[in-house]
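Here is what each chain is made of, one letter per residue.
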Amino acid sequence: MPTASIEKGLVLYFRFLMAWTFLYAASHQVFVPSFSVVGFLGHTKTFHDLFVVFTTPTMAPITTFLVEYGHLLIGLSLLFGFMVRVSAAFGVLLMGIYWMAHLDWPFVENTNNLIFDYHGVYAGVLVYLIVKRAGHVWGLDAWAENLQFVKGHPGLRPLVA
């Protein structure tokens, strides 16, 4: 956990920045009834055969629900600093999936991005938050780690450690 106040401020800044990123995305998905992942995943190029499975009439509603509420839960977790290790890990996974979905080898999304784009930056920031135990910097992870329930069930400790 960071000890210097400048480093704590930086960790908090990145945690809030990533929280806003996920919450903003969720606001355009959860509150828009017509949102579907089909428009996004149906136009993938490099890994089209992998992603087209998630756009079928059976899978699309499930995938859409997972994306919408995944963004919302990751954003709230980062905002409140609760279970940051878990939510940031899922965020890194999502950023990897989004990077793959945008990939038109060797470009990502357009010819301005060669191999890497902002998804890699976001994933790097999320890894930084995991390493720095960002939920312990003015977050609920430090509080939750000291709960008797968590202390009595050691298997829960990694969720908030």
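For the structure itself, look to the data block above.
Conventions we followed
Residues numbered from 1 in each chain as written. Predicted model: local features only at pLDDT ≥ 70, side-chain atom pairs only at ≥ 80, totals over all residues. Heavy atoms only, no water. Phe/Tyr/Trp six-rings, centres within 6.5 Å; stacked < 30°, edge-to-face > 60°. Helix = DSSP H or I, 4+ residues; strand = E, 2+ residues; numbered from the N terminus. Buried < 20%, exposed > 50% of the residue type's maximum accessible area, 1.4 Å probe, protein only. Pairing = 2+ DSSP bridges.

In this section: the packing of aromatic side chains. Within this structure, the stated rule accounts for 7 aromatic pairs. A centroid spacing of 6.1 Å and a plane angle of 90° characterise the contact between Phe 40 and Tyr 98, whose relative ring orientation is edge-to-face. Taken as a pair, Phe 40 in helix 2 (residues 38-41) and Tyr 98 in helix 5 (residues 84-102) lie far apart in primary sequence, 58 residues in all. For Tyr 98, a relative accessible area of 12% translates into the label buried. Between Trp 99 and Phe 116, the aromatic rings sit 6.4 Å apart at their centres with planes inclined by 20°, giving stacked as the arrangement. Here Phe 116 lies in the loop between strand 3 (110-114) and helix 6 (118-131) and Trp 99 lies in helix 5, a separation of 17 residues in the sequence. A residue is classified by how much of its surface remains accessible, and Phe 116, at 59% relative accessible area, is exposed.

Taken in spatial order, the 3 strands of this open sheet run 1-2-3, and their pairing is antiparallel. Whereas interior strands pair on both sides, the edge strands pair on one side only; in this sheet they are strand 1 (103-104) and strand 3. Two elements, strand 1 and strand 2 (residues 107-108), share 2 bridges in a ladder whose sense is antiparallel. The residue of strand 2 that forms the bridge with Leu 103 is Val 108.

Don't take any of this as a statement about function, it's just geometry.
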